[in-house]
Amino acid sequence: MEHGTKTAIDSDGHGGPLAQLRRLTAEQRELARAQTAEVRRARAGGYSWQAIASALEISKQAAHKKYGRN
């Protein structure tokens with residue numbers, strides 16, 4: 001059974017998988033921006049990297065590496 005390969009040129013409408021992938025990608029970008037803003041706000045409010053990392057469910061080192069220069 002062969003499956004035809006669709007290209008990005010193929011239109012899949014508003015509910016098709018490519019449209020959903022585009023929507024999810026845009027939402028991920030917006031979430032990342034919001035998360036960065038909240039980390040900055042937390043740091044400005046005096047929260048430790050450990051507290052921020054805990055809220056993000058990542059290690060302190062990972063939080064500092066990702067957001068430390070922001």
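Residues numbered from 1 in each chain as written. Predicted model: local features only at pLDDT ≥ 70, side-chain atom pairs only at ≥ 80, totals over all residues. Heavy atoms only, no water.

We now examine the confidence of the model for the protein chain. Of all residues in the protein chain, 80% have pLDDT values of 70 or greater, and the mean over the chain is 89. Looking at the elements of the protein chain, mean pLDDT is at its lowest for helix α3 (residues 60–67), recorded as 96, and at its highest for helix α2 (residues 49–56), recorded as 98. (pLDDT = per-residue confidence, 0-100. Helix = DSSP H or I, 4+ residues; strand = E, 2+ residues; numbered from the N terminus.)

Enumeration according to the criterion identifies 3 salt bridges in this entry. A salt bridge links R33 to E30, with the shortest nitrogen-to-oxygen separation between them at 3.3 Å. Of this pair, R33 and E30 are both found in helix α1 (residues 17–44), 3 residues apart, which corresponds to roughly one turn of the helix. Judged by its relative accessible area of 43%, E30 is partly exposed. (Salt bridge = Lys/Arg side-chain N within 4 Å of Asp/Glu carboxyl O. Buried < 20%, exposed > 50% of the residue type's maximum accessible area, 1.4 Å probe, protein only.)

At a minimum axis separation of 10 Å, α1 and α2 run at an interaxial angle of 150 degrees. The orientation of α1 with respect to α2, classified from their angle, is roughly antiparallel. The handedness of the crossing between α1 and α2 comes out as right-handed. Along the contact surface, α1 presents Q35, V39, A42 and R43, while α2 presents W49, I52 and L56. Each residue belonging to the contact of α1 with α2 can be placed in one class, and the counts come to 5 nonpolar, 1 polar and 1 charged. (Axes fitted to C-alpha atoms, helices over the stretch in contact; angles between N-to-C directions. Parallel < 35°, antiparallel > 145°, perpendicular 65-115°, else oblique. Left-handed = near helix turned anticlockwise from the far one by under 90°. Contact = heavy atoms within 4.5 Å. Nonpolar A, V, L, I, M, F, W, Y, C, P; charged D, E, K, R; others polar.)

Moving on to the nonpolar core. Membership of the largest hydrophobic core is limited to 7 residues, which are V39, A42, W49, I52, A53, A63 and Y67. Going through the elements one at a time, α1, α2 and α3 are the ones with two or more residues in this core. Here A63 is in contact with W49, A53, I58 and G68, once residues within four sequence places are set aside. (Core = buried A, V, L, I, M, F, W, Y, C linked by side-chain atoms within 4.5 Å.)

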